[in-house]
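Geometric and topological summary
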Amino acid sequence: MSRISDRLIHLSRCKGVTRRIIQHILALDSELKQIYSLTAEQLIQIYQFSERKAHLLYNSLHNPSLIEQIKRDKTQCSIITILDHEYPSVLRMINDPPFVLYALGDHRLLNYSPSLSVIGTRKPTREAWDKTKLMIQPLIEEGWVIVSGMARGIDTYAHKITIEGSGKTIAVLGSGFHHIYPMENQALFTKIRKTGIVLSEYPPSMPASKHHFPERNRIISGLAFGTLVIEATEKSGTLITVDQALDQGREVYALPGSPLVAQTKGCHRMIQEGAKLVTGAASILEDWEAQGEYFTLIK
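Residues numbered from 1 in each chain as written. Predicted model: local features only at pLDDT ≥ 70, side-chain atom pairs only at ≥ 80, totals over all residues. Heavy atoms only, no water.

1. Some thoughts on the overall build of the chain
- The helix and strand inventory of the chain stands at 13 helices and nine strands.
- Over its C-alpha trace the chain gives a radius of gyration of 20 Å, about what one expects of a compact globule, namely 19 Å for 299 residues.
- Projected onto its principal axes, the C-alpha positions of the chain cover 60 × 35 × 35 Å.
- In the chain, which comprises 299 residues, the share counted as buried stands at 53%.
- Summarising the internal contacts of the chain: among those between residues at least 6 apart in sequence, 72% fall at separations of at least 24. (Helix = DSSP H or I, 4+ residues; strand = E, 2+ residues; numbered from the N terminus. Rg over C-alpha atoms; globule rule 2.2 N^0.38 Å. Buried < 20%, exposed > 50% of the residue type's maximum accessible area, 1.4 Å probe, protein only. Contact = heavy atoms within 4.5 Å.)

2. As for the packing of aromatic side chains
- For the structure on display, the rule yields seven aromatic pairs.
- When the centroid spacing of 6.3 Å and the interplanar angle of 70° are considered together, the rings of W144 and F225 count as edge-to-face. In this pair, W144 is assigned in the loop between helix 7 (128-141) and strand 4 (145-148) and F225 in the loop between helix 10 (212-222) and strand 7 (226-229), connecting sequence segments 81 residues apart.
- For W144, a relative accessible area of 3% translates into the label buried.
- Look at F225 and you get buried, because its relative accessible area is 4%.
- Consider the rings of W144 and W288, whose centres lie 5.7 Å apart with planes at 65°: the pair is edge-to-face. Here W144, found in the loop between helix 7 and strand 4, pairs with W288, found in helix 13 (residues 282-297); they are 144 residues apart in sequence, far enough to count as distant.
- Joined through ring pairs, the aromatic side chains of W144, F225 and W288 make up one cluster.
- Geometry around F213 places R122 over its ring, the cationic atom sitting 5.8 Å from the centre. (Phe/Tyr/Trp six-rings, centres within 6.5 Å; stacked < 30°, edge-to-face > 60°. Lys NZ or Arg CZ within 6 Å of the ring centre and 35° of its normal.)

3. As for the UniProt feature "domain: Smf/DprA SLOG" (unreviewed entry) in the chain
- The sites that UniProt annotates as "domain: Smf/DprA SLOG" (unreviewed entry) are residues 79-288.
- Helix and strand shares over residues 79-288 are 37% and 18% respectively, and the end C-alpha atoms of the span are 31 Å apart. (UniProt positions renumbered as here; feature names shortened; annotations may be inferred.)

4. Considering the pairing of strand 6 (residues 197-200)
- On strand 6, burial covers both faces: I197 and L199 on one face and V198 and S200 on the other are all buried.
- Where strand 2 (residues 100-105) and strand 6 come together, four bridges link them in antiparallel fashion. In the strand pairing of strand 6, A103 is matched with L199.
- Relative to strand 6, strand 5 (residues 168-172) runs parallel, the two sharing three bridges. When the sheet's bridge partners are listed, A171 is paired in strand 6 with V198.
- With helix 9 (residues 186-195) bridging strand 5 and the parallel strand 6, this β-α-β connection has right-handed handedness. (Pairing = 2+ DSSP bridges. Right-handed = clockwise from strand over helix to strand, strands pointing away.)

5. As for the side chain of R7
- Tracing the backbone shows R7 in helix 1 (residues 4-12).
- For the buried R7, no salt bridge is present, and the opposite-charge side chain at shortest range is E31, 4.2 Å distant. (Lys, Arg positive; Asp, Glu negative; His and termini not counted. Salt bridge = Lys/Arg side-chain N within 4 Å of Asp/Glu carboxyl O.)

6. What to know about the environment of S221
- With respect to the helices, strands and loops of the structure, S221 is situated in helix 10.
- For S221, a relative accessible area of 0% gives the class buried.
- Considering only alpha carbons, one finds S221 and L277, 56 residues apart in sequence, at a separation of 18 Å.
- Within the structure, the side chain of S221 is placed 3.4 Å from the backbone oxygen of R218, a separation counted as a polar contact. (Polar contact = N/O pair within 3.5 Å; in protein donor to acceptor, adjacent residues only side chain to side chain.)

7. As for the pattern of salt bridges
- Taken as a whole and judged by the stated rule, the model has 15 salt bridges.
- A salt bridge links D73 to R13, with the nearest nitrogen and oxygen atoms 2.7 Å apart. Remark: R13 occurs in the loop between helix 1 and helix 2 (19-28) and D73 occurs in helix 5 (residues 64-76); sequence separation between them is 60 residues. Both residues of the pair, D73 and R13, belong to the buried class.

What follows is the structure, encoded as structure tokens:
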């Protein structure tokens, strides 16, 4: 591994390595050179790793098949590290940014403004498509990029409406590119990679796992000026993304609805707790006019 970004990709793929461990190693070995010359015993001594973790790391660092797999992955997709120029600058500013991103599509969208993340329940109401279109169509016409997670329901609606409107969209996955989830969105995945960009912090061969989805949500909110919730139940996983958006200093918007419908109760709770009530795109556009210059400065 010759370049530091290549070594970072390799380290991120080693068994037992987490983002916290990568931070720990970088603090003591900023060029990621020393670590390749250390024995397992030295890894224990220098980094205070357990014996099991040290041997896992040592074996992975010196596993030629892993290096060959990374080389093959590079021929199938782009691999962008936090050290690279094209890495989204807004993600560098969030807590716990991904060190490595796998990408398929138009890289220019990674540092494009304005952008809005659009999220919500996987079990939307019959009105949800029209509600989503009402909110984002004017933004698409103004050139906004729409960010979502390609999950069932609202995410899928947001991507499809954007593509139908000839807009640009970013999909952030909770799996690698060889394991599209849900499977019925394979065609949507193909369309997005051709007209927008698909991102994942998971290697192409990594299948979806339950904990991946709340984890990837920090990327969805982190890429955008604000997060818009179309529909959400009171205990929706959408609330995780909202919390992350607030922690990142992003705007949060929620669409109200009938109190008789379970899919709107989460939105009402968000509004009670400080999310901005919106019934159209005008409020979002006004906020961008007022605050967009500051957001652009951090990009």
